[in-house]
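The chain contents come next:
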Amino acid sequence: MKDEIYYGRIKYLSFVLLDFLLLLTSNYLAFQVYIFQYKPENEYTLNKHIFVVIIMAVIDFFITAVFNTLERVLRRRKKKELYEGIKHVGYSYITLAVILFLFRKSTDYSRLTITLAYLIYFVLFIGVHIIWKYILKKFIQKPARKTVLLMTMDGFLNEGIQRLQEQDFDVRYIYLLKNSKADIVEGIPVIKKWERAASAICWDLIDRVYIYGLDHKMVPQYMINACREMGLKFNLVDFTYRIINIKTIGHDDPGFGILSTLEEKRDIPFSIRRVYWITETEAEFHRGYHAHKLNCQLLFCPYGVIDLILDDGTTRNTVTLDRPDKGLLLMPGIWREMVWKKSGSVLCVLASGYYDPKEYIRNYDEFLEYSRKYRAGSDKVNLNKSS
Ligand code: TYD
């Protein structure tokens, strides 16, 4: 909490106060130019100007609060900062012009002084903010460990925390795909709204965002935007496949059958775009022999026995699907071969993407090459949602 105040709110406050100081300074300078030009006998007096400055300050706070124009100044790149500066000064100038035009006599303000004040303010806004940012970065010591926001699903949470802690990351916040009722898990607060997660990023409380066991397309666009604007890295913790338990409801009467259920985003860490199933197969029949570049899939066998030989490019393992309550979550980049162990066994697949032959790898050598590159850069995620 102490860190949070230190690295978030205090920084933000310092920018708001700095902003106010710049507004006063630029007005002081603009009024001096006015006096120098027109001499004091002119009807526009300091008192009238001070009144205009008070209105300006109120507008400035209003614009900051409503449009959040200062919120992201800390890590924005230079072009973005310039754009933010123009937006902030532009909104303030237009609002002031409208208010003065509607509610004040033209002798109560000097258009020249106000315009000049805003011009000076804009130059100071850009210049001083850059210097202040530099000073903050130089003199405020960040914790040695990188702070992380972890996005995952209930079932993978402890594993995800452990994997990140092993890499010496400080997991500061958790976002769960299936929102758990808990507010805190292992002493780490659970963020329930994306807006909160995006604002933790914008307030510079997070160094990295990590995804564990989710399709990265699950991340909302404004979260991606917040990361982009703050120049934050978006990372994947390597996750190949998992066997998951499918919720199954039996009945005392054995002839009544059993019912199994899967819910998108609650049990399945991706949006389901496609469902297919394979039936009428002979025993010892082999299929598959491919990997996917993008598709996440959940495979299950409601009837029969099917072996899945899984290969991540270095090791091969076999998973047997032989019960309706057993599911196999497969992330992209895994070579699979299916072997039907019993004729008539049914394989059902839920996939995160539409059928696209271009996202298949059907040549094993090509797969090995792809896998090598994919694993080497597995912590870099393409943020393009259409991918
Ligand atoms: P294929 O992926 O080769 O099956 P497997 O790997 O299980 O042996 O698919 C067989 C054929 O079905 C192939 O021509 C592509 C087509 N197909 C679709 O049109 N849509 C789909 O969603 C899938 C999975 C396959």
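See the structure above.
Residues numbered from 1 in each chain as written. Predicted model: local features only at pLDDT ≥ 70, side-chain atom pairs only at ≥ 80, totals over all residues. Heavy atoms only, no water.

Peer 1: Let's hear about the sheet that holds strand 2 (residues 170-176): which residues, and what values?
Peer 2: The strand order across the open sheet built from six strands is 3-4-2-1-5-6, with neighbouring strands paired in mixed fashion. Where the open sheet ends on each side, the last strands, each with one partner, are strand 3 (184-185) and strand 6 (233-237). The sheet contact formed by strand 2 and strand 4 (residues 188-191) spans two bridges and is parallel. Residue pairing in the sheet places I174 in a bridge with V190 of strand 4. Packing of helix 5 (residues 157-166) onto the sheet brings it into contact with strand 1 (147-152), strand 2, strand 3, strand 4, strand 5 (208-212) and strand 6, and relative to strand 1 it is tilted by some 150°. (Pairing = 2+ DSSP bridges. Helix = DSSP H or I, 4+ residues; strand = E, 2+ residues; numbered from the N terminus. Contact = heavy atoms within 4.5 Å. Axes fitted to C-alpha atoms, helices over the stretch in contact; angles between N-to-C directions.)

Peer 1: Any chance you could break down the environment of K326 for me, citing the residues and the numbers?
Peer 2: Examined against the element boundaries, K326 turns out to sit in strand 15 (residues 326-330). Sequence separation between K326 and I246 is 80 residues, and the spatial gap between their C-alpha atoms is 5.7 Å. Ignoring any residue separated from it by four or fewer positions in sequence, one finds K326 in contact with I243, I244, I246, L299, F300, C301, T320 and L321. A polar atom in the side chain of K326 sits 2.7 Å from the backbone oxygen of T320. (Polar contact = N/O pair within 3.5 Å; in protein donor to acceptor, adjacent residues only side chain to side chain.)

Peer 1: Report on the site of the ligand, specifying residues and quantitative values.
Peer 2: Around the ligand, the structure places R274, Y276, I278, R287, G288, H290, M338, Y355, Y360 and R362. Taking G288, its main chain carries an N or O atom lying 3.3 Å from an oxygen atom of the ligand. Between R362 and the ligand, the recorded distance is 3.1 Å, taken from a side-chain N or O atom to an oxygen atom. Against a free-state accessible area of 530 Å², the protein chains account for coverage of 60% of the ligand. (Near = heavy atom within 4 Å. Areas by Shrake-Rupley, 256 points an atom, 1.4 Å probe, with all protein chains shown as cover.)

Peer 1: Describe in detail the side chain of D311, supporting the description with residues and values.
Peer 2: Along the chain, D311 falls in strand 13 (residues 306-311). A distance of 2.7 Å separates a polar side-chain atom of D311 from the backbone nitrogen of G313. Within the structure, the side chain of D311 is placed 2.4 Å from the side chain of Y364, a separation counted as a polar contact. Beyond its immediate sequence surroundings of up to four residues, D311 is in contact with R316, G333, I334, W335, Y364 and F367.

Peer 1: Quick one: what's the story with the packing of aromatic side chains, residue by residue and with numbers?
Peer 2: Inspection of the entire model under this criterion finds 13 aromatic pairs. Note on Y212 and F239: the rings are 5.1 Å apart at their centroids and 85° apart in plane angle, and the pair reads as edge-to-face. Highlighted residues: Y212 in strand 5 and F239 in the loop between strand 6 and strand 7 (241-245), separated in sequence by 27 residues. Residues Y212 and F239 agree in their burial class; the two are buried. Residues W335 and F367 carry aromatic rings whose centres are separated by 5.5 Å and whose planes lie at 40° to one another, so their mutual orientation is tilted. Note that W335 is positioned in strand 16 (residues 335-340) and F367 in helix 8 (residues 364-376), a separation of 32 residues in sequence. (Phe/Tyr/Trp six-rings, centres within 6.5 Å; stacked < 30°, edge-to-face > 60°. Buried < 20%, exposed > 50% of the residue type's maximum accessible area, 1.4 Å probe, protein only.)

Peer 1: Account for the side chain of D60, with residues named and values stated.
Peer 2: Topologically, D60 is positioned in helix 2 (residues 46-67). No salt bridge is formed by the buried D60, whose closest oppositely charged neighbour, K87, lies at an N-O distance of 13 Å. Excluding anything up to four places from it in sequence, D60 contacts D19, L23, H88, S92 and Y121. (Lys, Arg positive; Asp, Glu negative; His and termini not counted. Salt bridge = Lys/Arg side-chain N within 4 Å of Asp/Glu carboxyl O.)

Peer 1: Residue-level account of the packing of helix 2 against helix 3 (residues 78-103), with values.
Peer 2: Close contact between helix 2 and helix 3 brings their axes to 9 Å; oriented N to C, the two are set at 130°. By the criterion of interaxial angle, the relationship of helix 2 to helix 3 is oblique. Along this stretch, helix 2 crosses helix 3, giving a crossing that reads as right-handed. Where helix 2 approaches helix 3, its residues V52, I55, M56, I59, D60, I63, T64 and F67 are matched on the opposing element by H88, Y91, S92, T95, L96, I99 and L100. For the contact of helix 2 with helix 3, a count of residues per class yields ten nonpolar, four polar and one charged. (Parallel < 35°, antiparallel > 145°, perpendicular 65-115°, else oblique. Left-handed = near helix turned anticlockwise from the far one by under 90°. Nonpolar A, V, L, I, M, F, W, Y, C, P; charged D, E, K, R; others polar.)

Peer 1: Run through a nonpolar patch on the surface, naming residues and quoting values.
Peer 2: On the surface, Y93, I94, V98, F101, L102 and F103 cluster together into a nonpolar patch covering about 690 Å² of accessible area. Mapping F101 onto the fold places it in helix 3. By relative accessible area, F101 is classed as exposed at 66%. (Patch = residues over 30% accessible without salt bridge, like charges linked within 9 Å, V, L, I, M, F, W, Y side chains within 5 Å.)

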